[in-house]
Amino acid sequence: MLLQELRFARAAGFCFRKPQGQLAPTIGLGKQTKMFRGGDSENQAADRLGWLVLLPTLAVMISVALLSRTFLNHDVVWVLYGSGVLLDGGWFGRDVVESNPPLIFWMSHFPNIVARILGIPVEHAFRIFITVIAALSLISSDRLLRLAGHDRVWRVIFMLVCATLFTLGAYRDFGQREHITVMLSLPYILAAGIRFDGLNLDRRTAVLIGLSAGLGIALKPYFVLVPLLVEAALILHQRRLALLWRGEAVGAAIAIVAYSLAILIWARAWLFEAVPAISKAYWAFEQPSLAYMQKIAVLFFFPLLMGVVALVISRKRPTGMPLQILLASVGFLIAAVIQAKYYSYHLYPAYTLVIIANALLLRGLDYPIRIGHAFLLVLVGVASLTTPVLWLMASQPGQPLYARTAKVVDFVQEKVPPGEPYLAISTHPYPGFPITIYADRYWSSTSNSRIFLPAVIKLRESGLNAPKLLAFVERAERAAMARDIAKKPALVLVDVAKVRHAIGARNFDHLEFYRENEAFNKAWRNYEQVPSPVPNLDAYVRREGR
């Protein structure tokens, strides 16, 4: 009986070692050549994806090609620009002021350096960088599925689903932290599923997977909920605390500890100056809405229910991988709810992982149930991809979304001489970003938007009895504007839309607030209004010689 089990495990892609006197199957991504020499070489060759790999490859190439014809997201471009400032000698927390931790800025050094060495636009280098991360995630995930016994048909279905969600599914949020986190952490979640089923991973492979996941989770502190849920499920199921010292956990811990030390060395100004100040005002960006709850019900809770039902009735055991992916999706959803802003990228990890889990679960269902589950999953996929497809169509050159940004880019290039700064007064990163990089101009501010202004507006109009907080945010916003306007930006764009980011339809005149300060008034006398290239923006240029 034992010999039969050993033969089956070897055919499925396991090698065996004897840790602490006990036989345990061990999977090693880096040792496949050795593992499958001899009698199993033909089976292993037959189980490679072969030409089937063209399907996910084409999905990635077509999606990235279409996405490359659009403008990058404003947040992504701000990070790329800020990374460039840091590479030029700036300090995070002073020269780049941001509410979020610095890791994504440091990671963006890679495309920035490549762009500078090769002399290519940084946005192109960035798309290549993210595509490489996606490819590595797909390859690692395929190896894990292969070694866990999944045949090539199910693996290519899995890769095709992931390839679509990692590219087209991300659409305008391509390169956001949540997008990167999903790709970096997926192999870790799959590895946790393998551990859940009682198998072991090669130590070096496990550490590399953990390092990758640690970097992904560290991009936002809220993401720590994901490994907490995954690890809790694993420990409770296996009843072995020693699993906390496995390779993935050690790798993740190394990444997070190293990152924490890096913050203390290179981002002390952010940790001890920027964060305490911004935390007093950042609540004003929260915008819960019932409309988001309805979307979450359709795109998350329905497929989550599908996944739970499929887990219960699945005829294939064990099912650690899809279970852990479902738990991770719940962790990401909770993280989005805690942030209470419900931007599309906040919900991306939950939507993406719940679909991936359902795709994995198809393999274990009886044929009639599988057909019904697949049909429902296709409906969910269509619902999830409808917005990305419509956005992609409207964001191609010559289309409305593209044309609006292109007009502002051309306007900034016309009104701002090379080497001179420009500024935008807005509670949203737009129109500062993505304009700055595409116009190849210098940004006058240390932040991507008016960080303290939403709190000023809401405190003034709410009637809340918080005079100290109001005085603080007014003082902080005026001080930030004083630094920005002192650089004498050649152009200032002002957001005058009826509905504005974080403040909604509140009728608040941004310029009127700043004009309450005499120093700003003195500097503003040097500016005159000129026709704006697009609606909802007022444009002011600095007079010659002033």
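What you see is a predicted model, and the numbers here were worked out from it, not measured in a lab. (Residues numbered from 1 in each chain as written. Predicted model: local features only at pLDDT ≥ 70, side-chain atom pairs only at ≥ 80, totals over all residues. Heavy atoms only, no water.)

**Comments concerning the pairing of strand S4 (residues 421–425)**
Regular strands place side chains that alternate from one sheet face to the opposite one. Burial analysis of S4 places five of its five residues in the buried class, which makes it a mostly covered element. Going residue by residue along S4, you find Pro421, Leu423 and Ile425 tucked away on one face and Tyr422 and Ala424 tucked away on the opposite face as well. Note that S4 and strand S5 (residues 442–443) share two bridges and pair parallel. By the bridge assignment, Pro421 is partnered in S5 with Tyr442. As judged from the four bridges shared by S4 and strand S6 (residues 491–495), these two strands associate in the parallel manner. Bridge assignment links Ala424 to a residue of S6, and that residue is Leu493. (Buried < 20%, exposed > 50% of the residue type's maximum accessible area, 1.4 Å probe, protein only. Helix = DSSP H or I, 4+ residues; strand = E, 2+ residues; numbered from the N terminus. Pairing = 2+ DSSP bridges.)

**Quick look at the packing of helix H8 (residues 122–147) against helix H10 (residues 177–196)**
Contact geometry of H8 with H10 gives a least axis separation of 9 Å together with a crossing angle of 10°. Accordingly, the angle class assigned to the pair H8 and H10 is roughly parallel. On H10, the residues touching Ile130, Ile133, Ala134, Ser137, Ser140, Ser141 and Leu144 of H8 are His179, Ile180, Met183, Leu184, Leu186, Pro187, Leu190, Ala191 and Ile194. Its residues assigned to classes, the contact of H8 with H10 comprises twelve nonpolar, four polar and no charged. (Axes fitted to C-alpha atoms, helices over the stretch in contact; angles between N-to-C directions. Parallel < 35°, antiparallel > 145°, perpendicular 65-115°, else oblique. Contact = heavy atoms within 4.5 Å. Nonpolar A, V, L, I, M, F, W, Y, C, P; charged D, E, K, R; others polar.)

**Section: the pattern of salt bridges**
The full count for this structure, using the stated rule, is 18 salt bridges. Notably, a salt bridge pairs Glu248 with Arg246, separated by 3.1 Å at the nearest N-O pair. When its relative accessible area of 4% is taken as the criterion, Arg246 is described as buried. Residues Glu528 and Arg543 are paired through a salt bridge, measuring 3.7 Å at the closest nitrogen-oxygen approach. Taken together, the residues span a long stretch of sequence, with Glu528 in strand S7 (residues 527–530) and Arg543 in the segment after strand S8 (537–542) at a distance of 15 residues. Each of Arg195, Glu231, Arg246 and Glu248 takes part in a single network of salt bridges with overlapping partners. (Salt bridge = Lys/Arg side-chain N within 4 Å of Asp/Glu carboxyl O.)

**Brief notes about a nonpolar patch on the surface**
A surface patch of nonpolar side chains, about 700 Å² in accessible area, is lined by Trp51, Val53, Leu54, Leu58, Met61, Ile62 and Leu66. Within the secondary structure, Val53 is located in the loop between helix H3 (41–46) and helix H4 (54–67). (Patch = residues over 30% accessible without salt bridge, like charges linked within 9 Å, V, L, I, M, F, W, Y side chains within 5 Å. Areas by Shrake-Rupley, 256 points an atom, 1.4 Å probe, with all protein chains shown as cover.)

**Concerning the side chain of His510**
With respect to the element layout, His510 can be found in helix H23 (residues 510–515). Each residue touching His510, except ones within four places of it in the same chain, is listed here: Ile425, Thr427, Leu453, Ile457, Asp495, Arg500 and Ile503.

**Some words on the confidence of the model for the chain**
Overall, the predicted model of the chain reaches an average pLDDT of 90, with 90% of residues at or above 70. This stretch, residues 1–23, has a pLDDT under 50; its non-local contacts, to residues over four places away or in other chains, come to 34 contacts. Across residues 30–42, confidence stays below pLDDT 50; counting only partners more than four residues off in sequence or on other chains, it has 20 contacts. (pLDDT = per-residue confidence, 0-100.)

**Focus on the pairing of S7**
Inspection of the sheet shows S7 paired to S8 by four bridges, in the antiparallel sense. Paired with Val530 across the two strands is Ala539, which belongs to S8. Where S7 folds back onto S8 in an antiparallel hairpin, the turn is made up of six residues, including Asn536, whose phi is positive at roughly 70°.

**Details of the sheet that holds S6**
Either a parallel or an antiparallel arrangement is found when strands of a sheet pair, and the pairing is made through backbone hydrogen bonds. The strand order across the open sheet formed by five strands is S5-S4-S6-S8-S7, and the pairing between neighbours is mixed. The open sheet terminates on both sides in strands that have one partner only, identified here as S5 and S7. Its contacts with the sheet place helix H19 (residues 400–415) against S4, S6, S7 and S8, and it is angled at close to 150° to S6.

**Looking at helix H11 (residues 203–218)**
With 16 residues, H11 should cover 22 Å at 1.5 Å per step; its first-to-last C-alpha distance of 22 Å lies within 8% of that length. Among all positions of H11, only Thr205, Ala206, Ile209, Gly210, Ala213, Gly214, Gly216, Ile217 and Ala218 are buried. Packing partners of the buried residues in H11 comprise helix H6 (103–107), H8, H10, strand S3 (200–201), helix H12 (225–238) and helix H13 (247–266). The backbone nitrogen of Arg204 has a side-chain oxygen 3.2 Å away, supplied by the residue at the start of H11, namely Asp202. (Expected span 1.5 Å × (residues − 1). Polar contact = N/O pair within 3.5 Å; in protein donor to acceptor, adjacent residues only side chain to side chain.)

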